[in-house]
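Residue-level listing of the chains:
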2 protein chains.
Amino acid sequence: MSGESRFIDSLRALVTDPAARELLDDAAVLEVGSARLVLTHDIVAEGVHFLPGDPPGDVAWKLVAVNLSDLAAKGARPLGALLGYSLAADGEWNSAFVEGLRLALDGFGLKLLGGDTICLPEGAPRAFGLTAIGEASGPVPSRSGAKPGDHLWVSGTIGDAGAGLAVARGELHGAASLIERYRLPRPRLEAGQALAPLVSAMMDVSDGLLIDLARMAEASGVAAVIELDTVPLSEAYIAARGEEREARIAAATAGDDYELLFSADPAQAPAILAASDALGLPFSRIGHAFEGQGLRLTDRGGEVPLPTRLGYQHRSS
Amino acid sequence: MSGESRFIDSLRALVTDPAARELLDDAAVLEVGSARLVLTHDIVAEGVHFLPGDPPGDVAWKLVAVNLSDLAAKGARPLGALLGYSLAADGEWNSAFVEGLRLALDGFGLKLLGGDTICLPEGAPRAFGLTAIGEASGPVPSRSGAKPGDHLWVSGTIGDAGAGLAVARGELHGAASLIERYRLPRPRLEAGQALAPLVSAMMDVSDGLLIDLARMAEASGVAAVIELDTVPLSEAYIAARGEEREARIAAATAGDDYELLFSADPAQAPAILAASDALGLPFSRIGHAFEGQGLRLTDRGGEVPLPTRLGYQHRSS
């Protein structure tokens, strides 16, 4: 058990309210008066989530996007955000961050409400926290509601951001659209709101499809099988990496997709496909849940061993 | 203008919603459905707000207390908190922090709802962010509502925490109760809720009475006079530092009081004193607001020059 897991377990022992969802979900769900609030706080830190040379505007965008992706996975409409900013003595960097923040706030219709700014000691890595507050108009799906027999679905395409990072690093030839998926992820806010009443469980894919699905299956007390040949790949991804098994495993274990992963009763399939049409965003059936535990992979009907690495594990909650 | 002020001005340009109160208040005020939410986010960082050798449990307590003091100043009842934690590889430190967090959550009836944990790169200073969410049942006083003719009031006693820090450092002989005021501040949550309907402006005293009053006066577009001889001092403070002018100026420019500073129409004085009786917490009249701008000091009726340092200035919001 890592120090991080131990620490989070010790925090979990302090949690008494169901609103916290035992710190196991993407967000907290708090009822206040007639409002159902969805609350999340994610940190983006230099050397962990971004590199010192990354464009500051992209860091700001990502900070907003990763938090809004948590709201999207809970079907919430964003209301506002509080920013925790660590200020280093580099005015140009800070200005570029603010410009990226402006683009993200405008792009997602998010209001900046407040926060705190601290001056960093010299040489300390930058770290930025964002608290996003959203409101849900109906049920708020958890990670833990998947049932045996449910279909497993994913929105959009998988693996683009991982390929985009490789392209940006010069390790892969590929389209600029892949880099864009890595640099400027777009949380699926509208899709999340449309899907929330239809699903049994939902979360965002941030660390890799396989690892995030393993978490959903564990939280739900079910086993899951993924049919690799049904994992949706973009044309740009296929042009860069192909669509053979190895390319599909790479896509399913790459991080930063910020797509929605959800389970639903098979009877919901027509409504889910209708929502997909209405949104102009593909939802693909990629497998199903069944009695038991753990994750299985198939490819064109044949069993495939799980890769040793299912995704990124630096993220804790 | 400091880099920090410039940065906050650039953030202010992104703010479009009145809920943010132009980033000039202790907290944001967001109406959602029938609920009036009060939201604040404060960071406590090693080397800025605490020292590497400080007891980790006190750091946790202070993190909770500084955020709840912002809620107190807005008359809000705390609902819950999200924690942003930077984990260094020191299990004992982390355990002691969690124990202090437990005491603070229990002590203030605050629920831990969620958050994020990141693993720090080696050698990076610790920094912890807390977002506190509260609910107000009535009007939410701002910093900017003081009017000419209003009385200026402060809760409790002033200067104890500053003296406590000096005692803890061995620079002053004084009672353990002073150190306790510094180590374990108690935000005035009940007082804030009782006062909110009675005041024209309210904020917490975190950086020093004089600097915080100067901020209230500036935000309100009024001038303020403080009668130094009416600033409430504890017996422990007087025993350690005396009650002459120098001691009173030291009290009024020391930080970490976490008392409430408020302005009110003179007609509210009986209701304010009745609330004081009901709470068992003194509220003292220390001056008044008048037409103009700036801050003046008097002592036993005579004008006193302002000290060059009015308080701490590391805090931004």
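See the structure shown above.
How each quantity is defined
Residues numbered from 1 in each chain as written. Chains lettered and ligands numbered in written order. Predicted model: local features only at pLDDT ≥ 70, side-chain atom pairs only at ≥ 80, totals over all residues. Heavy atoms only, no water. Contact = heavy atoms within 4.5 Å. Buried area = accessible area lost by both parts, 1.4 Å probe. Salt bridge = Lys/Arg side-chain N within 4 Å of Asp/Glu carboxyl O. Polar contact = N/O pair within 3.5 Å; in protein donor to acceptor, adjacent residues only side chain to side chain. Helix = DSSP H or I, 4+ residues; strand = E, 2+ residues; numbered from the N terminus. Least-squares fit on C-alpha atoms with pLDDT ≥ 70 in both. Expected span 1.5 Å × (residues − 1). Buried < 20%, exposed > 50% of the residue type's maximum accessible area, 1.4 Å probe, protein only.

A. Representation of the interface of chain A and chain B in the model. With 56 residues of chain A in contact, the opposing surface of chain B contributes 56 residues. Three residues stand out in chain A for area buried against chain B, namely Phe7(A), Leu14(A) and Leu113(A), and they jointly supply 14% of the buried area on that side. Remark: the boundary between chain A and chain B carries 2 salt bridges. With a closest N to O distance of 3.0 Å, Asp17(B) and Lys111(A) form a salt bridge. Taken together, the connections running from chain A to chain B amount to 6 residue pairs in polar contact (both at pLDDT 80 or more). Contributing elements (two or more residues each) for the side of chain A that touches chain B: helix H1 (3-12), strand E1 (28-32), strand E2 (35-45), strand E3 (77-87), helix H3 (91-108), strand E4 (112-119) and strand E5 (127-135) of chain A.

B. A look at the relation of the copies chain A and chain B. Taken as rigid bodies, chain A and chain B are interconverted by a rotation of 180 degrees and an axial shift of 0.0 Å, the fit giving an RMSD of 0.0 Å. Here the symmetry operator amounts to a two-fold rotation axis. Both copies share a contact surface, since 100% of the interface residues of chain A are interface residues in chain B too.

C. Spatial organisation of helix H2 (residues 56-73) of chain A. For H2(A), spanning 18 residues, the distance from its first C-alpha to its last is 26 Å, which sits close to the expected 26 Å at 1.5 Å a residue. For H2(A), the tally of buried residues reaches 18 of 18 residues, placing the bulk of the element in the interior.

D. Examining the pattern of salt bridges more closely. Taken as a whole and judged by the stated rule, the model has 48 salt bridges over all chains. When the shortest N-O distance is used, the salt bridge between Arg77(A) and Glu135(A) registers 2.9 Å. Here the residue Arg77(A) occupies a position in strand E3, and Glu135(A) occupies one in strand E5, the gap between them amounting to 58 residues. Accessibility expressed as a relative area gives 41% for Arg77(A), which makes it partly exposed. Residue Asp299(B) is joined to Arg245(B) by a salt bridge in which the shortest nitrogen-to-oxygen separation is 2.9 Å. With Asp299(B) in strand E11 (residues 294-299) and Arg245(B) in helix H9 (residues 245-253), the pair connects residues that are 54 residues apart, well separated along the chain. What you see here is one network of salt bridges that share partners, running through Arg21(A), Asp25(A), Asp26(A), Lys74(A) and Arg143(A).

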